[in-house]
Amino acid sequence: MHAHSFKELPGRINLLKIEQNELENRQVELTIEVPEEMVTAAMKKTARKLSSQVKVPGFRPGKAPYDILLHRLGEDTVFEEALESLGQEVYSKALEEADINPSSIGSFNDIVSREPLVLKYTVPLQPIVELGSYEDIRIDFTDPEINEEREQEVLTMLQQSRAVIEPVERPAQLSDLVVVDVHGELLPKEGIDETEEDRHLAEEHGITLLVSEEGNYPFKGIYEHLIGLESELEKEIEYTFPGDYEDEQLRNRTAMFTIKCLDVKSRELPELTDELVSELGDFENLEDMKGKIRADILETEKRQALEEYNRELISKIVEGAEIDYPPILLEEEIDEMLQEVDQNLRQRKFSLAEQLKLENKTIQDFRKDIEPDAEFRLKRSLVLGKALDLQKIRVENDEIEAEISNLRAQFPQSNAEIEKLLNHPVQRQRILMDLLTRKTIDRLSLIARDKYSPEEETKELEGTSAAEKKPTPKKKAPAKKKSVKETKTAEEETKEQKTTAAAEKIPAPKKKAPAKKKSVKETKTTEEKNTDKEESVKPAEEASSDPGEDRIEEDKSSDEAS
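To keep things clear, this report deals only with the structure shown in the data block. (Residues numbered from 1 in each chain as written. Predicted model: local features only at pLDDT ≥ 70, side-chain atom pairs only at ≥ 80, totals over all residues. Heavy atoms only, no water.)

Describing the environment of Asp176
Quick note on the threshold: In DSSP terms, a helix is any run of H or I states spanning at least four residues, a strand is any run of E spanning at least two, and both are numbered starting from the N terminus. Definition of a polar contact: a pair of N or O atoms within 3.5 Å, with one able to donate and the other able to accept a hydrogen when the atoms are protein atoms, and with sequence-neighbouring residues admitted only if both atoms are side-chain atoms.
Structurally, Asp176 is set in the loop between β7 (164-167) and β8 (177-186). With 35 residues separating them in the primary sequence, Asp176 and Val211 have C-alpha atoms 5.5 Å apart. Here the side chain of Asp176 touches Gln173 through a polar contact of 2.8 Å, landing on its backbone nitrogen.

What follows is the structure in structure tokens.
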């Protein structure tokens, strides 16, 4: 830990006496002596505010002198109330005068003394990221070969779309269709308190199932139980979900399914002739269709192979990087993952609280479980942000417009409201961040495959830029990390931006227990995360600052830059 006193800046009056103690993990402790006149002014302002709520004999509300109010209300009460706003002001001024650009919210630690008033804060600094020799990393990449099995699956699916289906008076066979009613519920399990509604799994009437090994409803392998079914025949099936089942709450649970057959239908696949092929799509003949199917499969498999390749590459870059960041950034990443898990569970009519109860875990247990994943996500974000700066990745305005056009095409009928959402500054910022992330990963991928050259980059990336289509989760506005979401370095921040950032990160000392370290209150921009297409482009109620603005290369006079 390193300590030093704050030095006076030339040409300005510093009202605060600030001592800085550098801590581990990119944090600094500020010990701040507040001038008496600043404390008095805050207490007088607070007393005037409180006077409207207190009756003082002989004075109209809000008109009593300060000394009388102080006696009436109590000096400690006024001081504690004043400290709420005073702490915010002191912290803001200290960040500005000490020229500190925090990476996230700080924390108020202690009231060291009352006379003079000395406050102590901990401030998280910007992370430091060193990528080392990341451009020297080479990983072999082999273009995938044609998957004949997949090609045949596609051809069969096209045949199935023209299958001749007829009712039959016989037991069901492979490739038949059966019309059934399905009822399913979990069997009670010792130690788990559930209602009948909780155990309910399925209730379907008159649905059609294909008797095929690929069938997986209501569970994988159902085809074995469908073979031999006849009209009006009913069958009970006991099934235990495997331990690695995708739905965690069903793992190793046993269920009882009742299936009643209503009808059996045969399915005859037609021969793939040139005449039939012309009806299936824009194909000249059977060979033309096969060629186009083969090309589509190769493109899809190359994209998937690149996705896996890029994941491996970024992991290697993260492993070789030296990263130092304040602990609060990891806590914020864990918080975000918790929100994502809870949101996903709620979409399935469940919740994180119910999941924890089912697994007999506390929220602290779960936070510890996901910490390794959260740490990697954080480091990945910081590494990509650093690579973005080093590679000088830029996004032009026409690229944003093209992405907006792609989003617009997802809506059957465009309207004024959709256009407003798509062109909202917050939505444009999200698109900008997504493009920056994808272009950074694509650049690193080309370098690792020895295929990067500025002249050939566009050609090499054609058809592959979708390899990282998932947008980077948007952070809450105050929790500012040096990631692909925030591309400016501390040196690039202007003084005005620093002042604004500091104002958004002001801790407030808490009353009653001043010596206890507390989390800092802060107003944050809320961003809704929904799977619905319209919600996916819904702007937040408040637009956050635009750290990626300098990445758009366009004419300065353009009003579209934001």
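Next comes the rest of the account.
Brief notes about a positive patch on the surface
Let me state the cut-off plainly: Like-charged residues within 9 Å of one another, or nonpolar side chains (Val, Leu, Ile, Met, Phe, Trp, Tyr) within 5 Å, are grouped into patches, provided each residue has over 30% relative accessible area and no salt bridge. In these tables, accessible area is a Shrake-Rupley quantity obtained with a 1.4 Å probe, and a residue counts as shielded only by the protein chains included in the view. Counted as salt bridges are all cases of a side-chain nitrogen of Lys or Arg within 4 Å of a carboxyl oxygen of Asp or Glu. This count recognises Lys and Arg as positive and Asp and Glu as negative, with His and chain-terminal groups excluded. Charged side chains are reduced to one point each, which is NZ for Lys, CZ for Arg, CG for Asp and CD for Glu.
There is a patch of like positive charges on the surface, built from Lys44, Lys45, Arg48 and Lys49. For Lys45, the location among the structural elements is in helix α1 (residues 36-51).

What about the pairing of strand β4 (residues 107-113)?
Quick reminder of the rule: Between any two strands, at least two bridges found by DSSP are needed for them to pair.
When β4 meets strand β5 (residues 117-124), the two strands line up antiparallel, connected through 5 bridges. Paired with Ser113 across the bridge in β5 is Val118. Connecting the antiparallel pair β4 and β5 is a turn made up of 3 residues.

Concerning unusual backbone geometry
Omega for the bond connecting Glu115 with Pro116 falls within 30 degrees of zero, at -5°, which places this linkage in the cis form. Within the secondary structure, Pro116 sits in the loop between β4 and β5. Geometrically, the link from Tyr217 to Pro218 is a cis peptide bond, its omega value of 5° lying close to zero. In this fold, Pro218 is placed in the loop between β9 (200-210) and α6 (223-226).

So, the packing of aromatic side chains
Each aromatic ring pair is summarised here by two numbers: the centre-to-centre distance and the angle between the ring planes. Counted only if it meets this: Geometry of aromatic contacts follows a simple scheme: Phe, Tyr and Trp rings, the Trp one being its six-membered ring, pair when their centres are within 6.5 Å, and the pair is stacked under 30 degrees between planes, edge-to-face over 60, tilted otherwise. Here the term buried applies to any residue with accessible area under 20% of the maximum for its type, exposed to any over 50%, and partly exposed to those in between, with areas from a 1.4 Å probe on protein chains only. By definition here, charges over rings are those cases where NZ of Lys or CZ of Arg is within 6 Å of the ring centre and within 35 degrees of the ring normal.
For the structure shown, the criterion picks out 7 aromatic pairs. Measuring from ring centre to ring centre gives 4.1 Å for Phe219 and Tyr239, while their planes differ by 15°; the resulting arrangement is stacked. On the criterion of sequence distance, the pair formed by Phe219 in the loop between β9 and α6 and Tyr239 in strand β10 (residues 234-240) is long-range, its members being 20 residues apart. Here Phe219 and Tyr239 have matching classes, each one buried. Ring centres 5.3 Å apart and planes at 45° place the aromatic pair Phe219 and Phe257 in the tilted group. Pair noted here: Phe219 is in the loop between β9 and α6 and Phe257 is in strand β11 (residues 254-268), with a separation of 38 residues, a long-range link. Comparing Phe219 with Phe257, the two get one shared label, buried. Above the plane of the ring of Phe79 lies Arg114, whose end atom (NZ or CZ) is 3.7 Å from the centre. In this structure, Arg449 is placed above the aromatic ring of Phe141, and the distance from its NZ or CZ to the ring centre is 5.5 Å.

Regarding helix α10 (residues 352-359)
Condition: Of all possible arcs, the one meant is that of the directions from the helix axis to the C-beta atoms. The contact definition used throughout considers only heavy atoms, calling two residues in contact when any of these lie within 4.5 Å.
The complete set of buried residues in α10 reads Leu352, Gln355 and Leu356. Burial along α10 is one-sided: seen end-on, the buried residues are contained in an arc of 100°. Exposed residues on α10 whose side chains face more than 90 degrees from its buried face are Ala353 and Lys357. On its buried face, α10 sits against α9 (327-347) and α11 (363-391). Directly after α10, the chain includes Asn360, whose backbone phi takes a positive value near 55°.

Some words on the nonpolar core
The test is simple: Side-chain atoms within 4.5 Å are what join buried Ala, Val, Leu, Ile, Met, Phe, Trp, Tyr and Cys residues into a set we call a nonpolar core.
Within the largest apolar cluster, 35 residues are counted, with the highest numbers of intra-cluster contacts made by Leu30, Ile32, Leu86, Val90, Ile100, Leu117 and Leu119. Elements that contribute at least two residues to this core include exactly β3 (27-34), α1, α2 (66-73), α3 (75-97), β4 and β5. For this core, the element with the most residues is α3, which contributes 9 residues. When neighbours within four sequence positions are excluded, Leu86 is seen to be in contact with Met38, Val39, Ala42 and Leu117. Counting residues in hydrophobic clusters, the runner-up holds 33 residues, among them Tyr134, Ile137, Leu329 and Met337.

Some details on helix α4 (residues 148-160)
Convention followed: Every helix has an expected span of 1.5 Å times one less than the residues it contains.
With 13 residues, α4 extends 18 Å between its outermost C-alpha atoms, agreeing within 8% with the 18 Å of an ideal straight helix rising 1.5 Å per residue. When α4 is considered as a whole, its buried residues turn out to be Glu151, Val154, Leu155, Leu158 and Gln159. Projected onto a plane normal to the axis of α4, the buried residues spread over an arc of 145° and lie on a single side. In the core, the buried residues of α4 are packed alongside α7 (274-280) and α8 (286-320).

Structural notes on the pairing of β11
Side-chain positions along a regular strand alternate between the two faces of the sheet. Pairing between β7 and β11: 4 bridges, direction antiparallel. Following the sheet pairing, Glu166 is matched in β11 by Ser266. Here 10 bridges tie β8 to β11, and the two strands are oriented antiparallel to one another. Among the inter-strand pairings, Val178 is bridged to a residue of β11, identified as Val264.

Brief notes about a negative patch on the surface
A cluster of like negative charges, contributed by Glu36, Glu37, Glu75 and Glu115, occupies part of the molecular surface. Looking at where Glu37 falls in the secondary structure, it is placed in helix α1. Its relative accessible area of 56% is what places Glu37 among the exposed residues.

These figures come from the coordinates and say nothing about function on their own.
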